[in-house]
Amino acid sequence: MTAPLIEGRGLTLSFGSERVLDQVSLSIQAGEIMTLIGPNGAGKSTLVKTLLGLQKPDSGDVVRKNGLRIGYVPQKLAIDQVLPMTVKRFLTLTRAATRSACETVLGQVGAAHVIDAQMSSLSGGESQRVMLARALLLRPELLVLDEPTQGVDVSGQAELYRLIDDIRAELNCAVLMISHDLHLVMAKTDKVVCFNRHVCCSGIPDTVRQHPEYRSLFGVREADAIGIYTHEHDHEHDLSGHVVGDCGHDHSHDHGHSHHHHDHQKQEAETTK
Amino acid sequence: MMDDFLFRAVTGGVLLACVCGPFGAFIVWRRMAFFGDMLAHSALLGVALGLLIGVDVRLGMIATCLASALILAIGQRQSRIGSDTVLGMLAHSTLALGMVALAFVQGVAVDIMAYLFGDILAVNVTDIWILAAGGAFAIAVLIWMWRPLLAVTVSPEIAAAESIPVERLRLIFMLLMALVIGMAIKIVGVLLITALLIVPAASARFFARTPEQMAIGAAVFGVASVMAGIALSWHVDTPAGPSIVISAAGLFVLSSIVMMGLRRN
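Residues numbered from 1 in each chain as written. Chains lettered and ligands numbered in written order. Predicted model: local features only at pLDDT ≥ 70, side-chain atom pairs only at ≥ 80, totals over all residues.

## Considering the overall build of chain B
Summing up its helical and strand segments, chain B has 12 helices and 0 strands in all. In sequence order, the secondary structure elements of chain B are arranged as α-α-α-α-α-α-α-α-α-α-α-α. On C-alpha atoms alone, chain B measures out to a radius of gyration of 19 Å, which is about the 18 Å that the 2.2 N^0.38 rule sets for 265 residues. Here the C-alpha coordinates of chain B stretch approximately 55 × 50 × 30 Å along the principal axes. Here chain B, with 265 residues, has 48% of them falling under the buried criterion. In chain B, the share of contacts with a sequence separation of at least 24, taken over all contacts with a separation of at least 6, comes to 74%. (Helix = DSSP H or I, 4+ residues; strand = E, 2+ residues; numbered from the N terminus. Rg over C-alpha atoms; globule rule 2.2 N^0.38 Å. Buried ≥ 20, exposed ≤ 12 C-beta atoms within 10 Å, placed from the backbone. Contact = placed C-beta atoms within 7 Å.)

## A few points about unusual backbone geometry
Residue and element names in this part refer to chain B. In this model, Arg31 sits at a positive phi of 55°, which is unusual for a non-glycine residue. By the element assignment, Arg31 lies in the loop between helix H1 (4-29) and helix H2 (33-53). Even without a glycine there, the phi angle at Ser163 is positive, about 60°. Using a count of 16 C-beta atoms within 10 Å as the deciding quantity, one classes Ser163 as partly exposed.

## What to know about the interface of chain A and chain B
Listed as interface residues are 19 residues of chain A and, on the opposing side, 21 residues of chain B. Contributing elements (two or more residues each) for the side of chain A that touches chain B: helix H1 (44-52) and strand E5 (70-73) of chain A. Per element, the largest residue contribution to the side of chain A that touches chain B is 3 residues, and it comes from E5 of chain A. Considering only residue class, the side of chain A that touches chain B consists of 13 nonpolar, 4 polar and 2 charged. (Nonpolar A, V, L, I, M, F, W, Y, C, P; charged D, E, K, R; others polar.)

## Things to note about the domain arrangement of chain A
All names here are of chain A. Splitting chain A by domain gives domain 1 (6-69 + 141-272) and domain 2 (77-138). Contact with domain 1, which involves 10 residues of that partner, is made by 8 residues of domain 2. A total of 5 residues in the side of domain 1 that touches domain 2 trace back to one element, the largest contributor, which is helix H5 (residues 154-171). Of the residues belonging to the side of domain 1 that touches domain 2, the class tally is 7 nonpolar, 2 polar and 1 charged. (Domains from an automatic or database assignment.)

## Topic: the pairing of strand E9 (residues 191-195) of chain A
Residue and element names in this part refer to chain A. Counting buried residues in E9 gives 4 out of 5 residues, a clear majority hidden from the surface. As paired elements, strand E3 (residues 33-37) and E9 share 4 bridges and run parallel to each other. Residue pairing for E9: Met34 is matched across the bridge by Lys191. (Pairing = 2+ DSSP bridges.)

## Some remarks on helix H12 (residues 240-264) of chain B
Residue and element names in this part refer to chain B. If you check H12, its first and last C-alpha atoms are 36 Å apart, about what 25 residues at 1.5 Å a residue would give, namely 36 Å. Residues of H12 that are buried: Ala240, Gly241, Ser243, Ile244, Val245, Ser247, Ala248, Leu251 and Phe252. Those residues of H12 hidden inside the fold are in contact with helix H5 (112-117), helix H9 (166-188), helix H10 (193-205) and helix H11 (211-236). (Expected span 1.5 Å × (residues − 1).)

## Observations concerning helix H4 (residues 124-138) of chain A
All names here are of chain A. End to end, H4 covers 21 Å across 15 residues, agreeing with the expected 21 Å (1.5 Å per residue, within 8%). Counting buried positions over the 15 residues of H4 gives 12, a clear majority of the element. Of the residues making up H4, those classed as buried are Glu126, Ser127, Gln128, Arg129, Val130, Met131, Leu132, Ala133, Arg134, Ala135, Leu136 and Leu138. Within two residues after H4, Arg139 carries a phi angle of roughly 45°, on the positive side.

## What to know about the packing of helix H3 (residues 99-108) of chain A against H4 of chain A
Each pair of packed helices can be described by the angle between their axes along with the distance between the axes. Residue and element names in this part refer to chain A. For the pair H3 and H4, interaxial distance at closest approach is 9 Å and the crossing angle is 125°. Viewed along their axes, H3 and H4 adopt a mutual orientation that is oblique. Handedness of the crossing formed by H3 with H4: right-handed. Across from Ala101, Val105, Leu106 and Gln108 in H3, the residues of H4 making contact are Ala133, Leu136 and Leu137. (Axes fitted to C-alpha atoms, helices over the stretch in contact; angles between N-to-C directions. Parallel < 35°, antiparallel > 145°, perpendicular 65-115°, else oblique. Left-handed = near helix turned anticlockwise from the far one by under 90°.)

## Side note on the confidence of the model for chain B
When pLDDT is averaged across chain B, the result is 90; 97% of the residues are at 70 or more. For this predicted complex, the interface confidence comes out at an ipTM of 0.86, alongside a pTM of 0.82. (pLDDT = per-residue confidence, 0-100.)

## Quick word on the sheet that holds strand E4 (residues 59-64) of chain A
All names here are of chain A. Reading across the sheet, the 3 strands line up as E2-E1-E4 and stay open at both edges, with antiparallel pairing between neighbours. Single-partner strands in this sheet number two, and they are strand E2 (18-28) and E4. Sheet twist, expressed as the average angle between the axes of neighbouring strands with direction ignored, equals 20°. One ladder, built from 5 bridges, connects strand E1 (residues 6-15) with E4; its direction is antiparallel. The residue of E4 that forms the bridge with Glu7 is Val63. Across the face of the sheet, H1 comes into contact with E1, E2 and E4 while running at roughly 125° to E1.

## Thoughts on the environment of Gly134 of chain B
All names here are of chain B. Relative to the assigned elements, Gly134 resides in helix H6 (residues 125-144). For Gly134, a count of 20 C-beta atoms within 10 Å puts it in the buried group. Note: C-alpha distance between Gly134 and Ala249 (115 residues apart in sequence) is 26 Å. With residues near it in sequence (within four places) discarded, Gly134 still touches Leu179 and Met183.

Next up, the structure:
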C-alpha cells in the first residue's frame, strides 16, 4: 500500500476535563472516499480541525503527504456582512484565477448567475455550490466536506450530493465526508467510519440499499447518488459519549441499526439542549 | 501660503491615514478594535519608560506596543479568562502603570494631554521620516501577506486546509498593528487612535464590493478626515486630534445618509 494522503495517529484531545478525541487513528489513501458518521457533539468537526492542523492534539500526530492539496468545504460559511466579498473574489481567495475560469466552474455547479453577487446575500444552497466551485478551481487531491448539506432543504441536499459525486468523478480526488445523518451517505463510499469521540467501528458498506422511500422522495436519479449505510453497534454510549460496557467486540456489520440510531437521537437531543 | 508646521501636520496626517486605511479594514473585519485600544493604552507606559531610561519616547512607545502585542498573543492561547477580559486588564493596568511611572520622571514636565489626544501641529521632520519609513514597511508587509491573511480572516479552516500558516500570520499582523499604533500616537493620541483606524474603514464599507475596495476607500476617507480636521482646527482653533476624529465621524454619518438615499431610489 502506498503512503496515505493524510494520517492521524492516536489523536487524543481534551477540553478541560472532557475528552473530545480518544485515541483516534485513521488514514485516507489517494482516491479513497471515506465517510465519517456520528451524532451531533461526537467531535467530528474537532477531528477535522485537528487533521487540518488548526487544533493541536494533546497527544498523537497528524502526518500529511508532502505538498498535499486539500480543498475544504465547511458546514456553512458565514461571511460577515462587514467584509464585502463578491463570489468572484471569494473563488480567488487563496489563489488567482481568471474571470472565465470562475465562470466555467460556477457553470459546472449551476451557479453561474451569482458571480458578481455578494457572498453574504447567497442562500444556503447557493453558498455551498460556490464552495464546491472553489474546490473545482483548486483541483485538490483530498476534498474534505464537513456536513456540506446543512441548512439546505431535502431536495437540495440530494442535488448537492449528486454534484459532489460529479466533482469527485472529475477530479478523481480522495474525499473525506463528515455527516451526522446515518441515512445520507455517498453511494460510492469505500469506507464508512462510525465516530463518537473514538472510532466506534469502520468498514466497507457492503450493501447500498435502493430504499423505496428514498426513491420516491428524491426520484430515481437522485436516489442513485445516495447510499444507505446501516449497521449494528456492539457497544453503547452513555450521554457524554463514553463507551459503556466492555469493548471486546468483533465490529461486524450485520445491518439493522434501529436501537442504536434511536440512542444517538436521544443523545443529539441531549447535546442540543 | 502654508506655514511650515501646518505643512508638516498635513504631510504626517495624510501619511498616517494612508497606512491606517488598510489596517483599519482588517481591524474591522477581524473585530480587533479593542485590541488596538489596548495597544494604544500601553503606549503611555512606553512614554514613561523612554523618559526614565533616557531613550526617544517614540521608540519607547513602539517598543511597548510591540511587547504588549506579544504578551497578548501568548495570553490569548489560554482560554480560562475570556480574551476581552485579558485585553481590558492589560489596557488599563498598562495605562495606570504608565501614569504612575510618569510621576517618577523628575525634572521633565510631561504634557500628558498631548499623548492622550495627540499633537499633530507639533509634528517635526524626524516624526515624518519615521512615519514614512515605518508606514512603508508596514504596508509592504501587509501587501505581501494580503491574500493569505484575508483567507485566514474569512475562514481559518479553509486557510489551514490549504497549508496557510494561520498562527504565524495572526502574530505578524498583531505586530504590524502595534508598529502602526506606536507611530500614530504622536498624531492623534492614545485615546483617539482606534477611531482613526476603524471609522474611515466603516465609512468605506458602504461603498465597497470587494475587500480591496474597502481598504483603499478607508485610506481615502482617512485622508479626507485628516484634511478636514486640520482645517477645522486652523479656522475655529479646536484641538487638532479630536477635530480629525469628529471629521471622520461626520463623514461616516454623511456616508450612511448617502447610502440610505441610494437604496431608496
